[in-house]
Amino acid sequence: MAPEPAAVIARSPLQGQPQEDVGELVQMALDVAGSLDPREVIARILERGTHAVQADRGTLSSLVDDHIVVEATYGRAGELTWVGQRYSLDYFEGQPLVKKAIESLQPAFGGRLAPDTAAPEFRQALANVRHVAVLPLVHGGKVIGMLVFSRYEEKPFTEDDRAPLTLLSAISGLALRNARLYEEGEAARQRADETAARLRAAVDAAEDVASQLRLDQVLGRLLERASASVGADGASLARLEGSEMVIESTPTGELVGTRWPLMPRVLAGVTSGRAVELSAAEYTGAPPGMESAVQPYRRFLVAPLAVGGETIGLLAMAKGGDEPFDPAAVQSLQQFSTLGALLLRNARLIEQTREAEQAKSEFMSIAVHELRAPLTVTGGYLSMALEGAFGELPKSLRNVLETAQRKTEEAKSIANELLTVARLEGKALTPTVSRVLVRDAVTRAVARARPRAELVRASVQIAGDADLAILADEAMVGKILDNLLNNALTYADRPPTIQVGAQVEGRQVSLTVADDGIGISVQDQRRIFQRFTRGTDRLVTDKPGTGLGLYLSRGLAEQMGGSLQLQSSQAGKGSTFVLRLPAAGS
Ligand code: ADP
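These remarks concern the structure in this document. Since this is a predicted model, take the numbers as computed values, not measurements. Counting restarts for each chain: residues are numbered from 1 in the order of the written sequence. In keeping with the predicted nature of the model, local features appear solely for residues at pLDDT of at least 70, side-chain atom pairs appear and are counted solely at 80 or more, and the whole-chain, interface and lining totals rest on all residues. The basis for the side-chain values is all heavy atoms of the structure; hydrogens and waters are excluded.

What follows covers helix α9 (residues 327–386). In this model, α9 (60 residues) spans 87 Å end to end at C-alpha, consistent with the 88 Å of a helix rising 1.5 Å per residue. Phi turns positive one or two residues past the end of α9, at glycine 388, with a value near 90°. Segments assigned H or I by DSSP are reported as helices when at least four residues long, segments assigned E as strands when at least two residues long, and all are numbered from the N terminus. One less than the number of residues in a helix, times 1.5 Å, gives the span that helix is expected to have.

Okay, here's the thing in structure tokens:
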């Protein structure tokens, strides 16, 4: 909001005045408007003005609401005194000149101010005064201040002085207004800067807080940031449970898990969504035996943690000093509360999901264990029967028992697969990592697949760098390769050719299993790594399978710090899967 000197001059009402007056006052306008500091503007108005109107003293006052603030006074001898005193407008009731100037918006002169009706501290000064001119400082049709010029000698202000006084009043009013506006603008800008800085701090805090993985760390960091922002000495975050709160986090970890009753005043505040400030005397919420926890503090600020209109917790700040919390701090706490509420709710949801997953995995492993035991018994009896332990079997019965044995084995392998899934999801599978030679892992897997490969007359080729080594769990790698080879042998409509390759890729080794089988449609490609998900092709659904192999294999690869992906596939042309695992240094 910078003043424009050109505008000041353009608004000058001076027309047809003696040239020297115009010159001096225009110079003054430029001079006065050249500064944006209200104090400097006032000083310049007083110095220049007092000389220009040949007064002995000039005093400038601002009109603020119903008060007059005497800003400064300047004596011709050259001294400027800052006053800053505030008076009710009523003080000037007994000064008709002042009244006239304010009411008419025109300079008023022709007499002196009445010392006997003036405020006591003015009486002495007014006693010397012979003549006075009161200039209203007008802006936008309103009086915003007043300039009073006094002459100590017998030299009255006359009509000849009216034009320069009017001009002086206009210039001064405008300059003062501009300076004030600038000051207000600056203050507004500063407030905006402060708000921006607070928001930036909140965003920083959000990022910082969100980068912590564990809930206790997240909440700890939130408390740290919030306390720093409001200048608190102590802090806690609690969740609400009925009319009690349970402490979730404190900077030292002390009191976590303790239950505190909610004071009615806090409850009323938080249910209406407002932060509540309390003095030590008003704080009565400590449960018996825990009073010492709040004793060091003199002031408390409690903000609700609300999400979706529901208050789920409280953020409390405490200070050792007696002075209240800064209102700006209270506002910034609001941002931390929003963040805290979201974190708390998300953490709860994550925890609930994790608990549900855990319960499901536990159920699955119990169920599978229960299933495996009778299958083992049945399998055992079937083997014994087929080996002749119960005597010679008629051919028809042998065929039936052989089928039953095959199906039992299938059921057992499904049960084993389910058990592995349950352990993987229950985080009960930890890899035992060692240096594994790729060649060994591959040749062993291919050897295990040989009987099935021969059955479908497949050709299995091993290519690539034979001397590579990986850091992996040998049994897990074996399980993944078994699954990939099995799928390659299964999903083919003619004797397949399968190629197993290995190569270094940066810090990883990639193992590829490529086949020329039926391939995977684009829609199926997106789903096949999901649990219990199988392809939709008739050639797939006709064959037995659980839809767990790839899901499990990917999980195992990830457990070892690796990955499993479908590198490429085309319906009718075959598929290539790639397993990446950390390379072992030579
Ligand atoms: P399952 O083999 O028991 O169905 P998987 O998780 O091992 O379960 O495989 C999921 C699906 O991915 C299969 O049903 C099949 O549709 C597809 N698939 C996997 N490997 C191949 C492959 N080599 N060629 C064609 N389709 C495959």
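Across a sheet, strands are paired by hydrogen bonds formed along the backbone, either parallel or antiparallel in direction. DSSP bridges decide pairing: two strands pair if at least two such bridges lie between them. The sheet built from six strands is open, its strands ordered β3-β2-β1-β6-β5-β4 with antiparallel pairing. Unpaired on one side and paired on the other, β3 (80–88) and β4 (108–111) mark the two borders of the sheet. Direction aside, neighbouring strands of the sheet carry axes that sit 15° apart on average. Two strands pair when backbone bridges link them, and strand β5 (residues 131–139) and strand β6 (residues 142–151) are joined in this way by nine bridges, in the antiparallel orientation. The residue bridging histidine 131 from the neighbouring strand is arginine 151, located in β6. Between two residues, a contact is recorded if the distance between any of their heavy atoms is within 4.5 Å. Here an angle of 0 to 180 degrees is reported between the N-to-C directions of two axes, which are lines fitted to C-alpha atoms, with helices fitted over the stretch in contact. In the packing of helix α3 (residues 38–52) onto the sheet, contacts are made with β1 (57–64), β2 (67–75), β3 and β6, and the angle to β2 comes to roughly 55°.

What counts as a salt bridge is simple: a side-chain nitrogen of Lys or Arg found within 4 Å of a carboxyl oxygen of Asp or Glu. Taken as a whole and assessed by the stated rule, the structure comprises 23 salt bridges. Residues arginine 239 and glutamate 248 are paired through a salt bridge, measuring 2.6 Å at the closest nitrogen-oxygen approach. What makes arginine 239 partly exposed here is its relative accessible area of 23%. Arginine 580 serves as the salt-bridge partner of glutamate 505, at 2.6 Å between the closest nitrogen and oxygen. With a gap of 75 residues between them, glutamate 505 in strand β16 (residues 497–505) and arginine 580 in strand β19 (residues 574–582) connect regions that are remote in the sequence. Classification of residues uses two cut-offs on accessible area relative to the type maximum, computed with a 1.4 Å probe and protein chains only: under 20% is buried, over 50% is exposed, and between them is partly exposed. Glutamate 505 gets classed as partly exposed once you look at its relative accessible area, which sits at 31%. Among the ionic contacts, a cluster of salt bridges with common partners joins Arg239, Glu241, Glu244, Glu248 and Arg259.

This part takes up the sheet that holds strand β18 (residues 563–570). With mixed pairing, five strands are arranged side by side in an open sheet as β14-β16-β17-β19-β18. Where the open sheet ends on each side, the last strands, each with one partner, are β14 (459–462) and β18. Direction aside, the axes of adjacent strands within the sheet are offset by 15° on average. Strand direction decides the pairing type here: strand β17 (residues 508–515) and β19, joined by seven bridges, are antiparallel. Looking at the pairing, threonine 512 lines up with valine 578 of β19. Each of β14, β16 and β17 touches helix α11 (residues 438–455); the most contacted strand, β14, lies at about 175° to it. Packed onto the sheet, helix α15 (residues 549–559) meets β18 and β19 and runs at close to 135° relative to β18.

Nearness of a residue to a molecule or strand requires only that one of the residue's heavy atoms be within 4 Å of it. Surveying the vicinity of the ligand reveals 19 residues, the closest of which are Asn487, Tyr491, Asp515, Arg534 and Leu550. Contacts to the ligand include glycine 547, whose backbone N or O atom sits 2.9 Å from an oxygen atom. Within the backbone of leucine 550, an N or O atom sits 2.7 Å from an oxygen atom of the ligand. The protein chains hide 96% of the 530 Å² of surface that the ligand would expose on its own. Contributions of two or more residues to the shell around the ligand are made by α12 (474–490), α15 and β19. Amino acids outside the nonpolar list (Ala, Val, Leu, Ile, Met, Phe, Trp, Tyr, Cys, Pro) and the charged list (Asp, Glu, Lys, Arg) are all regarded as polar, and Gly is one of them. Split by residue class, the shell around the ligand holds eight nonpolar, nine polar and two charged. Polar contacts here mean pairs of N or O atoms no more than 3.5 Å apart (in protein, one a potential hydrogen donor and the other a potential acceptor; neighbouring residues in sequence count only if both atoms are side-chain atoms). Note on areas: these come from Shrake-Rupley sampling with a 1.4 Å probe, and a residue is covered only by the protein chains present in the view.

Among the six residues in strand β8 (residues 244–249), five count as buried, and that is most of the element. Bridging between strand β7 (residues 234–241) and β8 involves five bridges; their strand directions are antiparallel. Its bridge partner being in β8, glutamate 241 is matched across the sheet by glutamate 244. Note that β8 and strand β9 (residues 259–261) share three bridges and pair antiparallel. Among the inter-strand pairings, valine 246 is bridged to a residue of β9, identified as arginine 259.

This part is about unusual backbone geometry. Its identity is not glycine, yet glutamine 54 carries a phi of approximately 50°, on the positive side. Tracing the sequence through the fold places glutamine 54 in the loop between α3 and β1. Its identity is not glycine, yet arginine 457 carries a phi of approximately 55°, on the positive side. In this fold, arginine 457 is placed in the loop between α11 and β14.

With respect to the helices and strands, the residue glutamine 295 is situated in the loop between β10 (276–279) and β11 (299–307). Residue class for glutamine 295 comes out exposed when judged on its relative accessible area of 57%. The spacing of glutamine 295 and alanine 280 is 15 residues in sequence and 8.1 Å in space, taken between C-alpha atoms.

As far as function goes, none of this settles anything; it's purely spatial.
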